[in-house]
Amino acid sequence: MKHRIINRREFLKVSAVGAAAAAVAGCAATPAQVAPAATAVAEKVAEGAPTVAAVATAVAEAPAAEAPAGADVTGKLEIFSWWTSGGEIEALEGLFKVMKERYPNVEIVNAAIAGGTSSGGDMKAVLQTRMMGGDPPESFQIHLGGELLVGSYVEAGLMEPLDTLYADEGWDKVFPPLLIEIASKDGKPWSVPVNIHRANVLWAADKPFADAGVEVPKTWDEFFVVAEKFKEMGIPAILIAENAAGFTAQVWETMLIALMGPEKFAGLFNGKTSWADEDITTGLQMLGKMLDYANPDYLATSWGDVNDLFVTGKAAMMIMGDWTPGVLWSKDFRDFTWQPAPGNTDIYQMLSDSFPLPKDVKNREAALGWLKVCGSKEGQDAFNPAKGSIPARTDADLSLYTDYHKWAIEHWKTDTIVPSLVHGAAAGLAFMTDFMNAVNVFASNKDVEAAKSALLTAATDAGYKTS
């Protein structure tokens, strides 16, 4: 059965955003031969999962392409990102390798900044200082959609539209229309998606489930039954990392999706669903109950910590996006399985990493070259196998990808698509931050009424429905 895809008008409330993106003119690019870096990655993909170290070695040792078209472009290319963990590093190196093949005389400056959450809080703070100070990097990682478009750099007039680049590269033929719509404001796309991540995935470690003799839960009712079993064994049922705002909020999003269903959840961002809805109250109560089965020190636990706890069998489950397998593979850990978060069957909560073009960069030609690589088949096939995400393009070489990737690609085609709020697809940065902070406080005090009040205030400020 093919499930309906919710389009951008239904799930994004964006102030000053025009209707759907205009069709991008121009001829489709002729599919290029897979670059040596991507071919080398393909040769290293093991059954079920790539060995990240082997992928990195393959990328480093792959021969350069002949007669690079960008040989006349010189100078520095500074790229901001928050990709500093296992899997992320190797994926980014895959993109850099393709960039060097095409633009061998460009010096790449990897300005990745660790810290904050997986949403790059520390990097974003440094980036904002640079952008507002008139010293932008050539490009930077940002989530596709509201994070860039609403109350941010586009509205501030600091970015270049990319409609001409999309037309020249033929991306309207290889990017799904939904992604182009999410990337667009006033009929023009503003960033280039390098991947598609799924946020609502439940990761289950094999050994704890085998020891408990229970099945991985498919609903939240089943979760609480299984969680009680793990509690009896002295094992946290689920990992939470809330030493900074964000982790619990992304888990709570999946609870709201389960309670509301995709239409009503999307309505929170298009004005059809009130933030005073009773499901918000029920969801907070469920979240408080779930936290009773989490690692007791979750308020002191970081995003990076949960991966180590998971690998060592000190907890049974975690709900995170599919950047997770890249990190686990980098630790040579494969004894896990995956499925949609409880109550999220046939619903794909999406986000996408992308790169835009700031105005007045020092090396515009190199910046344009970087964006071309990010949107290319070669670049995406060199990046996504180690990252865990699936390519934004529809013409990926599936021989490069793992069982997880193939599973995600099939679900992307058939599931109902909803946006991630915590990961920038559903709303602007201000509301996303307020939402994460409200849930962070709730994770500490479990005060339902206070959390409801904070969420209503944030929703009112953002112009969402609150009555």
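Residues numbered from 1 in each chain as written. Predicted model: local features only at pLDDT ≥ 70, side-chain atom pairs only at ≥ 80, totals over all residues. Heavy atoms only, no water.

**Topic: the sheet that holds strand 7 (residues 191-193)**
Piece 1. Overall, antiparallel pairing links the 3 strands, which are arranged 4-13-7 in an open sheet. The open sheet has two edge strands, strand 4 (142-143) and strand 7, and neither has a second partner.
Piece 2. The pairing of strand 7 with strand 13 (residues 353-356) spans 3 bridges and is classified as antiparallel. By the bridge assignment for strand 13, Pro193 is matched with Ser354. (Pairing = 2+ DSSP bridges. Helix = DSSP H or I, 4+ residues; strand = E, 2+ residues; numbered from the N terminus.)

**Observations concerning the sheet that holds strand 8 (residues 197-198)**
The strands that make up a sheet are held in pairs by hydrogen bonds between backbone atoms, and each pair lies either parallel or antiparallel.
Piece 1. Pairing is mixed across the open sheet formed by 3 strands, whose spatial order is 8-12-14. With one partner strand each, in any of the chains shown, strand 8 and strand 14 (416-419) form the two edges of the open sheet.
Piece 2. Relative to strand 12 (residues 347-351), strand 8 runs antiparallel, the two sharing 2 bridges. Bridge pairing links His197 to Leu351 in strand 12.
Piece 3. Seen against the sheet, helix 17 (residues 403-414) touches strand 8, strand 12 and strand 14 and runs at an angle of roughly 105° to strand 12. (Contact = heavy atoms within 4.5 Å. Axes fitted to C-alpha atoms, helices over the stretch in contact; angles between N-to-C directions.)

**Here's the deal with the pattern of salt bridges**
Piece 1. If you walk through the whole model with that rule in mind, you get 18 salt bridges.
Piece 2. For Glu78, the salt bridge identified is with Arg130, shortest N-O distance 2.7 Å. Here Arg130 lies in helix 5 (residues 121-132) and Glu78 lies in strand 1 (residues 75-80), a separation of 52 residues in the sequence. Arg130 shares its class with Glu78; the two are buried. (Salt bridge = Lys/Arg side-chain N within 4 Å of Asp/Glu carboxyl O. Buried < 20%, exposed > 50% of the residue type's maximum accessible area, 1.4 Å probe, protein only.)

**Overview of the environment of Asn110**
Piece 1. Inspection of the secondary structure puts Asn110 in strand 2 (residues 106-110).
Piece 2. With 30 residues separating them in the primary sequence, Asn110 and Phe80 have C-alpha atoms 6.8 Å apart.
Piece 3. The contacts of Asn110, once residues within four sequence positions are left out, are Ile79, Leu92 and Phe96.
Piece 4. For Asn110, the side chain forms a polar contact with the main-chain nitrogen of Ala112, separated by 3.2 Å. (Polar contact = N/O pair within 3.5 Å; in protein donor to acceptor, adjacent residues only side chain to side chain.)

**Remarks on the nonpolar core**
Piece 1. Trp252, Trp275, Met290, Met317, Trp370, Phe431 and Phe435 are the most contacted members of the largest nonpolar core, which totals 144 residues.
Piece 2. Here this core takes 11 residues from helix 11 (residues 247-270), the largest share from any one element.
Piece 3. Sequence-distant contacts of Phe435, defined by excluding residues within four places in its chain, comprise Ala249, Trp252, Glu253, Trp275, Leu421, Val422 and Leu455. (Core = buried A, V, L, I, M, F, W, Y, C linked by side-chain atoms within 4.5 Å.)

**What about the confidence of the model for the protein chain?**
Low-pLDDT stretches of the model should not have their predicted coordinates read in fine detail.
Piece 1. Overall, the predicted model of the protein chain reaches an average pLDDT of 88, with 85% of residues at or above 70.
Piece 2. Considering only residues more than four positions removed or in separate chains, one finds that residues 45-49, a stretch of pLDDT under 50, has 9 contacts. (pLDDT = per-residue confidence, 0-100.)

**Quick look at the side chain of Ser191**
Piece 1. The topology assignment puts Ser191 in strand 7.
Piece 2. By relative accessible area, which is 1% here, Ser191 ends up buried.
Piece 3. There is a polar contact of 2.9 Å between the side chain of Ser191 and the side chain of Ser354.
Piece 4. If we skip the residues at most four places from it in the chain, Ser191 touches Leu144, Leu148, Leu162, Tyr166, Ala183, Ser354, Phe355 and Pro356.

**Concerning the packing of aromatic side chains**
Piece 1. The tally for this structure, following the rule as stated, stands at 32 aromatic pairs.
Piece 2. Look at Trp220 and Phe223: their rings are 5.0 Å apart centre to centre, the planes differ by 65°, and that puts the pair in the edge-to-face class. A residue pair is termed a helical-turn pair when its members lie 3 or 4 positions apart in one helix, as Trp220 and Phe223 do in helix 10 (residues 220-233) at 3 residues. Here Trp220 and Phe223 have matching classes, each one buried.
Piece 3. Ring pairing ties together the aromatic residues Trp203, Phe310, Phe333, Phe336, Trp338, Tyr404 and Trp407, which thus form one cluster.
Piece 4. Seen from the ring of Phe224, Lys289 lies directly overhead, with NZ or CZ sitting 4.3 Å from the centre. (Phe/Tyr/Trp six-rings, centres within 6.5 Å; stacked < 30°, edge-to-face > 60°. Lys NZ or Arg CZ within 6 Å of the ring centre and 35° of its normal.)

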